[in-house]
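# Close look at the chain arrangement
Take a look at the letters that make up each chain.
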Amino acid sequence: MATFQELMRAAVNAENAGDEDAARQLVGMASKLRSGQGQQKPLDMVAQPPSIDVNTDPVSPQVDRFGDTISKATKQPYEAMTTYAKGVMDQSASPTMQAMPEWMPESLEGPAARVGDAAMTGLSALGTAYAFGAGAVGEALGGSPANERKLARDLMMMGQVAVPELAGVSGAVRAAGTASRAQRRASVPATPVQETARAAQDLGITPSLGAGGKMRAQAAAGLEKVPFAGRHIERDAERFVGEVERTFDRLVGGVGQVRSADDAGTALQSGLGKFVKDFRERSERLYSEVGKNIPADTVVQSPNTLRMIREAIEPFEGSPEIRRRLGLDAWAAMASDLESGVSWQAASNLRSSLGKSIGKINGPMADMDQGRLKQAYAMLTDDLEAAATAAGPEAAKAWRRANTYYSRGARRISEDLDKTISAQSPERAFEAFRGMAMRGRSTADANRMYKIKSSMPAHEWSEVSATIIDRLGRARAGAQDAGGEAFSPSTFLTEWSKLTPEAKSVLLPQSVRTELQKLAQVAEGAKRANVERNHSNTGTTTAQLAVVAGSAIDVGVTAGALLGANVSAKAMTSPRFLNAMNKAAAGNRRPMEALARGNSEFAQDALTILRVSSADTAAIGATNSGQRPSAASGF
């Protein structure tokens, strides 16, 4: 038969393996084994959990006692009446004073609060009387406990529809209090914890237990190392990361379709290539309009171009072989044709060929010296402008229009687009463009990003933008999965902060930028929580040793402690508790306070969270303001 120590070690191993049911059964077996050996301490030496009376009878009929329905019906309005009555006597306990609007003059707050409390005391008393009557009718006509309460409840609801104050709560005071709280929130700077909580609310994310202030993160880190409780904390953290990831994917999907780096680079290059193609086609149409205003028999002289070519050839007149190797023979042949004059169409086509060959490896004159190509292009442009001006005002106007368009487009292509279009591979084009978005780059890079965006079709741009943003959330190599798609809130936070504000403005619409900034705030909360974790696993080892050692002393105390930690971790990671906790962190403590006042499994933990979080916020506020910590009214 297994010993007590062997059962407890097996329980710890089962918990580590994720089998909580087996772990509980093993602890129970160990407890029974120790109990059978009679090793129990006196009751006054052992902390005992409160006893609970449980009726184990197969049938537990409900006893019908006179007055129980009346008591239940009058409880809420009677409590409201006594609360407001206390406010009349003591201003510090006045509900009306606490809900007083900010615009109320200070000199009038006291009298107004007393009047309000007195009025609400009277209304609540009326509500108590009405509830007593409803309860009495239920007692007399209901017939059974269930029917009595149902009848009384129906009568109360009828009265509350007509007069809400019969329920013990003033709608006017409630509205004034809500407006006052909203005004105070707007006027008081939010703490980092509040900003994180409000961002999570806006995004529909419920932060994990540890994704809050430092003290809550420490509580989660501590429970994570306790056997039976740790699994709840781990699952809560996994759920939180999953919600962040789904929100991130939703936002990225709203930008565009995510592609691989190679496909995004292809979209980038093809989109810019389309711009260049459209630019050239329109340029040709504009220049053809110039030709329509020039007589067909016009001979274009090119003195500027000829002078440039002669200056290049002249030093090598007596060295034909050198001239040939330098490619000057082609220039000499070109000068020979230009000397006698050419048609407007021929001169215009020559200029286009020169322009297409500048900076290219496949232009019609790409094998010629690039410096001379640029010089010849500029000189021939001057010659064509002189010919257009000589042809008349219409031709000159058409020339200026075509030339302005071409000059601007050609400058954008050569300065902003060419490097991306001519990259050795689509993937390199994408990575180079992505690098322009990072901090430390010049303002010129942001301008270039904007020009690239404005040069691309919307569909291709959305793919490039979505792919860049999607890669911000990719986990590092050491934490990546086999498919390379694992998401990391910490990596997203780091990479998002690396993007320059200008790059964010270029890459994303305003609405998406705002949402992603909120997501970064939520990720910051997750990062703060992760700092408190014991990554060396010494905490888990220490906790396991403590379980074994404690069990050797007294299984009752040890099992009770483990059960308490498990219940606490399970309660504190439930959706209801976490939602209340996040609302409290955002500045609305009412749901958490309601849990703390109740009798549910959340009550004690809610009270503890309220206390430590208030202390945490007070310390943060004092640090930011340079004042000593004081009691805080919110997270």
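Overview of the structure. (Residues numbered from 1 in each chain as written. Predicted model: local features only at pLDDT ≥ 70, side-chain atom pairs only at ≥ 80, totals over all residues. Heavy atoms only, no water.)

## Some remarks on the overall build of the chain
Looking only at helices and strands, the chain features 28 helices and two strands. For the chain, long-range pairs separated by at least 24 residues make up 72% of all intrachain contacts whose partners lie at least 6 apart in sequence. Of the roughly 34,000 Å² of accessible surface on the chain, a fraction of 55% belongs to carbon and sulfur atoms. (Helix = DSSP H or I, 4+ residues; strand = E, 2+ residues; numbered from the N terminus. Contact = heavy atoms within 4.5 Å. Areas by Shrake-Rupley, 256 points an atom, 1.4 Å probe, with all protein chains shown as cover.)

## Quick look at the packing of aromatic side chains
Counted according to the given criterion, the structure contains ten aromatic pairs. Of note, R282 hangs over the ring of Y405, and the distance from its end group to the ring centre comes to 4.6 Å. (Phe/Tyr/Trp six-rings, centres within 6.5 Å; stacked < 30°, edge-to-face > 60°. Lys NZ or Arg CZ within 6 Å of the ring centre and 35° of its normal.)

## With respect to the pattern of salt bridges
Pairs may arise between side chains of opposite charge once their charged atoms sit close together. The tally for this structure, following the rule as stated, stands at 18 salt bridges. With a closest N to O distance of 2.9 Å, R239 and E243 form a salt bridge. Residue R239 and its partner E243 are located together in helix α10 (residues 230-255), separated by four residues, close to a single helical turn. Of the residues examined, R239 reaches a relative accessible area of 25% and is grouped as partly exposed. (Salt bridge = Lys/Arg side-chain N within 4 Å of Asp/Glu carboxyl O. Buried < 20%, exposed > 50% of the residue type's maximum accessible area, 1.4 Å probe, protein only.)

## With respect to the environment of D382
Within the fold, D382 resides in helix α16 (residues 370-391). Residue classification places D382 among the partly exposed positions, given a relative accessible area of 36%.

## Topic: the side chain of E243
With relative accessibility at 16%, the residue E243 sits in the buried group. In this structure, E243 is in contact with G204, I205 and T206, ignoring residues within four places of it in sequence.

## A closer look at the packing of helix α15 (residues 344-357) against α16
It is the contact of α15 with α16, at a shortest axis distance of 9 Å, that shows an interaxial angle of 150 degrees. Relative to α16, the element α15 lies roughly antiparallel. The handedness of the crossing between α15 and α16 comes out as left-handed. In this structure, α15 uses W344, A347, S348, L350, R351, L354, G355 and S357 to contact α16, whose residues at the interface are Q370, L373, A376, Y377, L380, T381, L384, A387 and A388. Taken together, the residues of the contact of α15 with α16 break down into eleven nonpolar, five polar and one charged. (Axes fitted to C-alpha atoms, helices over the stretch in contact; angles between N-to-C directions. Parallel < 35°, antiparallel > 145°, perpendicular 65-115°, else oblique. Left-handed = near helix turned anticlockwise from the far one by under 90°. Nonpolar A, V, L, I, M, F, W, Y, C, P; charged D, E, K, R; others polar.)

## A closer look at helix α8 (residues 192-203)
Here α8 is twelve residues long and its end C-alpha atoms lie 17 Å apart, about the 16 Å a rise of 1.5 Å per residue gives. When we look at burial in α8, the residues that qualify are V193, Q194, T196, A197, R198, A199, A200 and L203. Positive phi appears at G204, one or two residues downstream of α8, with a value of about 75 degrees. (Expected span 1.5 Å × (residues − 1).)

## Focus: the packing of helix α18 (residues 426-435) against helix α20 (residues 458-470)
Close contact between α18 and α20 brings their axes to 11 Å; oriented N to C, the two are set at 70 degrees. Our classification of the angle between α18 and α20 gives roughly perpendicular. With respect to the hand of their crossing, α18 and α20 are arranged in right-handed fashion. Across the interface between the two elements, F430, F433 and R434 from α18 touch W461, V464, T467 and I468 from α20.

## A word on the nonpolar core
Of all hydrophobic cores here, the largest spans 81 residues; its most connected members are W331, W344, F433, I469, F492 and L516. A per-element tally of this core places helix α11 (residues 261-292) first, with ten residues. Not counting chain neighbours up to four residues away, the residues in contact with I469 comprise F248, V252, L499, L507, L508 and L516. By size, the runner-up hydrophobic cluster in this structure holds seven residues, among which are F577, A584, M592 and L595. (Core = buried A, V, L, I, M, F, W, Y, C linked by side-chain atoms within 4.5 Å.)

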